[in-house]
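# Structural features, examined
Letter by letter, the chains look like this.
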Amino acid sequence: MSLDPVQVMKGQDPMALSPPPASNGDSKVSWDESESFCDSVGPKKPKSGPVRRARKVEGGIFFPKPENAVTIAVSTRVLFRTEKEQKVFEEKGVEEYLKYQMEHEDEPFAPGPAFPFVKALDAVNAQLRKLYPDSEELFDIVLVTYNHAHVGVRLINTINHHNLFIERFCMTGGSSPIGYLKAWHTNLYLSADAAKVQEALSEGIAAATMFMPEKQIEVSETQLRVAFDGDAVLFSDESERIFKAHGLDKFFEHERENENTLLDHGPLKGFLETLGKLQKKFYAKGHRLDCPIRTYLVTARSAASSGIRALKTLRAWGLETDEALFLAGAPKGPMLEKIRPHIYFDDQMFHVEGAVEMGTIAAHVPYGIAQKYPHKKSTNSAK
């Protein structure tokens, strides 16, 4: 099985409507500069369309400051299905693409792979607001897109149609979004563009490439479920390097000898940490057993042979996952089908493909040694 992100990506992101200008990846871009940029290119809300549900606190619309929120940046192509529009762009060019979008701006896009995840974030926010009405520690969704501002009307109409709470847009007109991700204090970036995901990871931003399964299992509407692989996702790829270089026996020996030596952090350790902080806010109000956030470690590590080091590392970090599944090389897809996560992160496409085949929304983290030596079905995985 071979996957393209969201079943449509062919290398270049179709939202890149024109050759990008000079990169805006300067990490010194300020929040104020980013906000004014987005305001200048963002379209005004249409007068017609579904009635918008207001979010108010003490009489005013409530928007958390980016430095206080858990910011999730999503691209258009993972939040919505845009294959038809991509085909117009590829076959007829930019001008016809823009014309098509404006002619169809009252037709909402269908949900994409990130849609259930975003809806679950919104459900968690509703519970947080009940318990902590004045807190800004909430999930904040930012739509980050290569699109031209002319497409913004259709995007806003779609967001209103699906009753999503997304007010922050960055429409870059083909330029790189990475600098803006820094300005938003982004905790997680989800995209269909693998190159931009790699760029974000290189800048220290947690990021993953999303995939849409042909069939999709139902997920909870009241509890956010996030599943993580271990090595090269939550942890560094140190142990995977041992396995790739010396084989499984040497990997087990290395883990036993170093079970009291902490693993270094991986690219998504910070995102698990932010989820843990929000979980503790629910625990403080007596909601440990019915917390609307649940996390999972789903690893091909063996429990007795190599699992103890992973658990000791999480404990030393002050982190935990609600469930830990050590599969000892067994396929992850069937377990993920039972968990029904809103998103599952793995660094190996082999496991991503297996998850997608079972109907799980999966995301590839292109990090570590596995990107150089792809997993083959005929071999066992150490992680």
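Refer to the structure above for everything that follows.
Presented here is a report on the structure given in the accompanying data block. Model, not experiment: these values are computed from the prediction.

## Structural notes on the side chain of Thr158
By secondary structure assignment, the location of Thr158 is in helix α6 (residues 152-161). Accessibility expressed as a relative area gives 0% for Thr158, which makes it buried. Excluding anything up to four places from it in sequence, Thr158 contacts Phe80, Glu107, Pro108 and Phe109.

## Topic: the sheet that holds strand β10 (residues 224-228)
Spatially, β7-β6-β3-β8-β9-β14-β13-β10-β11-β12 is the arrangement adopted by the ten strands of the open sheet, whose pairing is mixed. Whereas interior strands pair on both sides, the edge strands pair on one side only; in this sheet they are β7 (168-171) and β12 (323-326). Across the sheet, the axes of successive neighbouring strands diverge by a mean angle of 25°, strand direction being ignored. In terms of strand pairing, strand β8 (residues 186-191) meets strand β9 (residues 207-211) through three bridges, oriented parallel. Within the sheet, the bridge partner assigned to Leu190 lies in β9 and is Ala208.

## Things to note about the pairing of β12
Pairing analysis gives four bridges linking strand β11 (residues 293-299) to β12, with the strands arranged parallel. Residue Val298 lies in a different strand from β12, and its bridge partner there is Leu325. Crossover handedness for the path β11 to helix α12 (residues 303-317) to β12: right-handed.

## Some remarks on helix α3 (residues 83-92)
Glu85, Gln86, Val88 and Phe89 are the residues of α3 that are buried. Projected down its long axis, α3 carries its buried residues within an arc of 160°, all on one side. The exposed set on the far side of α3, more than 90 degrees from its buried face, consists of Lys84 and Glu91. Of the surrounding elements, those touching the buried residues of α3 are α2 (76-79), β4 (80-81), α4 (94-103) and α6. Two residues or fewer after α3 comes Gly93, characterised by a positive phi angle close to 95°.

## Quick look at empty space enclosed by the protein
Throughout the structure, instances matching the rule amount to three cavities of 30 Å³ or more. Reported here for the largest cavity is a volume of approximately 140 Å³. Around the largest cavity, the lining is made up of 15 residues, and of these Asn125, Phe139, Asp140, Ile141 and Phe165 lie nearest the centre. Mapped onto the lining of the largest cavity, the elements with two or more residues apiece are α5 (115-131) and β6 (139-145). Ranked by the residues each element gives to the lining of the largest cavity, the list is headed by α5, at five residues. Residue classes in the lining of the largest cavity are distributed as ten nonpolar, one polar and four charged.

Basis of the calculations
Residues numbered from 1 in each chain as written. Predicted model: local features only at pLDDT ≥ 70, side-chain atom pairs only at ≥ 80, totals over all residues. Heavy atoms only, no water. Helix = DSSP H or I, 4+ residues; strand = E, 2+ residues; numbered from the N terminus. Buried < 20%, exposed > 50% of the residue type's maximum accessible area, 1.4 Å probe, protein only. Contact = heavy atoms within 4.5 Å. Pairing = 2+ DSSP bridges. Axes fitted to C-alpha atoms, helices over the stretch in contact; angles between N-to-C directions. Right-handed = clockwise from strand over helix to strand, strands pointing away. Arc of directions from axis to C-beta. 1 Å grid on protein atoms, 1.4 Å probe; cavity = no way out; pocket = protein on both sides within 12 Å on 5 of 7 lines; lining within 4 Å. Points joined across faces, edges and corners; volume = space filled by probe spheres on them. Nonpolar A, V, L, I, M, F, W, Y, C, P; charged D, E, K, R; others polar.

Shape descriptors only; they carry no functional weight alone.
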